[in-house]
Amino acid sequence: MSEAERTGSMGRAEERRARQRGGRRAAPKRGRSSGAAGRSGIRRLFTWKKILGTFFGLCLLGMGAFVVLYMVIDIPPANSEAKLQSNVYKYSDGTVLTRDGDRNREIVDLAKVPKEVQHAFVAAENKTFYKDAGVDLKGTARGVFNTLTGKGAQGGSTITQQYVKNYYLTQDQTVTRKLKELVISLKLDREKSKDYILAGYMNTSYYGRGAYGIQAAAQAYYRVDAEDLTVEQGAYLAALLQAPNQYDWAIASDTGKKMVQQRWNYVLDNMVEMKWLDASERQGMTFRSRRSPSRPPG
């Protein structure tokens, strides 16, 4: 074979190899086209910009709805139950002869309740009461969620919210009631003093033994007027509000007695934390160091 023939043969062989390599490279492109297009479409559908845009849109929608609620919901008149109180008949020396009426409640001015006892209630239920705007947004959101999901009642409300529920609304566990409670609490906190709200809360709350309000509770548990309560007694009455019947020392189970003692200690420790009670005085207090809650008469 001549030199020219060998060169031509090598050229044709290289052309064949080039065509074969080109065919192998082109084949995979046809196989990947549909999958790549699908993934690209999903990425276009769920972009960070679209997700963030949806989130902020929902936030703005929620804020707008709340503004509307704030404008249309007013502070209502008190519910009929909250105004009920008993008639109290006393001897000339001030001791109680008897009382009658539809509700065992005697409303008292906050000025007649010792400051330490007032602080015990704040320490028990809402340490930020004197500084907050009257609502606990996180607690309210949790309560609304639990109501929607059927998990029942949820604590965490501020003193203002609890007073609004007692005095203006009802004990119903509904989303509508919770939203009204939130709006009315915000408005009430702007219109009324903290002392006004605290007095209303202490006078409308239920303490067990058929006693509504701090005065009736002081008589039911200690046979004294609210103005004569000690800080230890006030801490017990404040602790009662979490579970009045379960924490009543005269009828409580062993578990109930343990829980109310823990709650009592929690109240006093919070008072020390808030500088409302001297730490050295607190150290000398034990649950039964003073007169314990008495057994109800009859």
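Conventions we followed
Residues numbered from 1 in each chain as written. Predicted model: local features only at pLDDT ≥ 70, side-chain atom pairs only at ≥ 80, totals over all residues. Heavy atoms only, no water. Salt bridge = Lys/Arg side-chain N within 4 Å of Asp/Glu carboxyl O. Helix = DSSP H or I, 4+ residues; strand = E, 2+ residues; numbered from the N terminus. Buried < 20%, exposed > 50% of the residue type's maximum accessible area, 1.4 Å probe, protein only. Contact = heavy atoms within 4.5 Å. Phe/Tyr/Trp six-rings, centres within 6.5 Å; stacked < 30°, edge-to-face > 60°.

K.L.:
Just to check I follow, could you spell out the pattern of salt bridges for this structure?
P.N.:
Where side chains of opposite charge bring their charged atoms close, a pairing between them can arise. Considering all chains together, one arrives at 9 salt bridges under this definition. R263 is the partner of E125 in a salt bridge, and the nearest nitrogen-oxygen pair spans 3.3 Å. Separated by 138 residues along the polypeptide, E125 in helix α4 (residues 115-125) and R263 in helix α12 (residues 254-273) bring together distant segments of the chain. A relative accessible area of 12% means that R263 is categorised as buried. Ionic pairing is found between R209 and D248, a salt bridge with its closest N-O pair at 2.8 Å. Pair noted here: R209 is in the loop between α8 (194-204) and α9 (214-222) and D248 is in the loop between α11 (244-247) and α12, with a separation of 39 residues, a long-range link. With relative accessibility at 19%, the residue R209 sits in the buried group. Through salt bridges with shared partners, a single network forms among D132, D189 and K194.

K.L.:
Whenever I open this one, α8 confuses me. Can you help?
P.N.:
Helical geometry: 3.6 residues make up each α-helical turn, so side chains three or four residues apart lie on a common side. In terms of burial, α8 is largely enclosed, as 9 of its 11 residues are buried. Listed as buried for α8 are K194, I197, L198, A199, G200, Y201, M202, N203 and T204. Buried residues along α8 sit against α4, α6 (159-167), α7 (175-191) and α9.

K.L.:
I tried to follow the packing of aromatic side chains on my own but got confused; where do I start?
P.N.:
Aromatic ring pairs are defined here through the distance separating the ring centres and the angle between the ring planes. On inspection of all chains with the given rule, the structure shows 12 aromatic pairs. Taking 5.3 Å as the distance between ring centres and 25° as the angle between the ring planes, the aromatic pair formed by Y163 and Y167 counts as stacked. Within this pair, Y163 and its partner Y167 are both found in helix α6, separated by 4 residues, close to a single helical turn. Judged by relative accessible area, which is 3%, Y163 ranks as buried. Arranged with centres 6.3 Å apart and planes meeting at 85°, the rings of Y222 and Y236 form a pair that is edge-to-face. Separated by 14 residues along the polypeptide, Y222 in helix α9 and Y236 in helix α10 (residues 231-240) bring together distant segments of the chain. Owing to a relative accessible area of 2%, Y222 belongs among the buried residues under this scheme.

Any functional reading would require information beyond the geometric quantities listed.
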